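Spelled out, the chains give:
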Amino acid sequence: MVDSKASKTKWHELLGEVLEAMLSPVGIEVHTEYLVSSTPPEMDILLIQNNTNNGWTEAQLERLPDGIRQSKARHHVIEFKMTESFNGRALRQALGYEFFYSASKEISESEIQCYLLSSKTPSKDRLTTLGYQETKVRGIYETVFPELNRVKLIVANELADESYNASLKCFASRKAEKAKAFPMLQEKSVEWKAQRLEWSISGLYMHWFTLKQGDDMVPQLTREQIIETGKVFGRGYISILPPQELRGLLTDQQQHLLTQEGKLEGKLEGKLEGKLEG
């Protein structure tokens, strides 16, 4: 589902495109806008592990992000919030999708795990209100409230700078976090000989850093547009270099923005969250 009426871009479809290009070659089904039943609603993203015997394979673990890679479940429901803040409504949506999907497939609670992936960093007050606390895994939160504990919170801005987290960090709200993620995922796409993934992330990179800033001028950004952009510009626009060298590909203004955002975006997001909560 679209998480903001102000944006017509279905960000979960673009994330689903990246995940499908990356995970389907290693035996993980990826579905976007999956019908929970014969009628709406549709969940944002569904991952299904095809290997039923021994948990995640080494090839799968190389590509799965934190929060999911630690789970022993086979079915993974992801509710993605790109522009909307983390809140109780989003949690109720995620819980509803998990409930109806597990009932329709007749699977047990141990076979399914639900996640709310937030592009933005939630405010401390919002986390406290909903009982979410940090776990030992950076960027992963769990709640102390029994009625909500089926949903793990993944905060894209806070995930560790590892290649297996790069697919989610490419959709982080802070550009400094995006800038670190793209070179890692680009390098892996070449290593895995995953051309579709390479096109997808090249197209996304062009959108975030080169062609424009934000989504206000594009009425709807689709996965097809992202792939076609990636085909046109290719890997040359994402350097397979350490993140500090990636800055050489950016304009002076973009470099300045990344430096400032690394220092200030957290504070600004916190202030915005506070106003929204008030």
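See the structure printed just above.
J.: Lay out helix α3 (residues 88–105) in plain terms, naming residues and giving numbers.
T.: Turn by turn, an α-helix covers 3.6 residues, leaving residues three or four places apart pointing in a common direction. A rise of 1.5 Å per residue sets the reference length of α3, with its 18 residues, at 26 Å; its end C-alpha atoms lie 26 Å apart and thus fit the reference within 8%. Every buried residue of α3 is listed here: Ala90, Leu91, Gln93, Ala94, Leu95, Tyr97, Glu98, Tyr101 and Ser102. For α3, the N-terminal cap is Asn87; the gap from its side-chain oxygen to the backbone nitrogen of Arg89 is 3.2 Å.

J.: Residues and numbers for helix α1 (residues 11–23), please.
T.: For α1, built from 13 residues, the straight-helix expectation of 18 Å at 1.5 Å per residue is met to within 8% by its first-to-last C-alpha distance of 18 Å. Judged by how many residues are buried, α1 sits mostly within the fold: 12 of 13 residues are covered. Taken together, the buried positions of α1 are Trp11, His12, Glu13, Leu14, Leu15, Gly16, Glu17, Val18, Leu19, Ala21, Met22 and Leu23.

J.: So what's going on with unusual backbone geometry? Which residues, and what values?
T.: Not every positive phi belongs to a glycine, and Glu106 is a case in point at roughly 55 degrees. Since its relative accessible area comes to 74%, Glu106 is described here as exposed. The backbone phi angle of Lys193 is positive, close to 55 degrees, even though this residue is not glycine. Counting through the fold element by element, Lys193 comes out in the loop between α6 (175–191) and α7 (195–211). Its relative accessible area of 76% is what places Lys193 among the exposed residues.

Scoring rules and cut-offs
Residues numbered from 1 in each chain as written. Predicted model: local features only at pLDDT ≥ 70, side-chain atom pairs only at ≥ 80, totals over all residues. Heavy atoms only, no water. Helix = DSSP H or I, 4+ residues; strand = E, 2+ residues; numbered from the N terminus. Expected span 1.5 Å × (residues − 1). Buried < 20%, exposed > 50% of the residue type's maximum accessible area, 1.4 Å probe, protein only. Polar contact = N/O pair within 3.5 Å; in protein donor to acceptor, adjacent residues only side chain to side chain.

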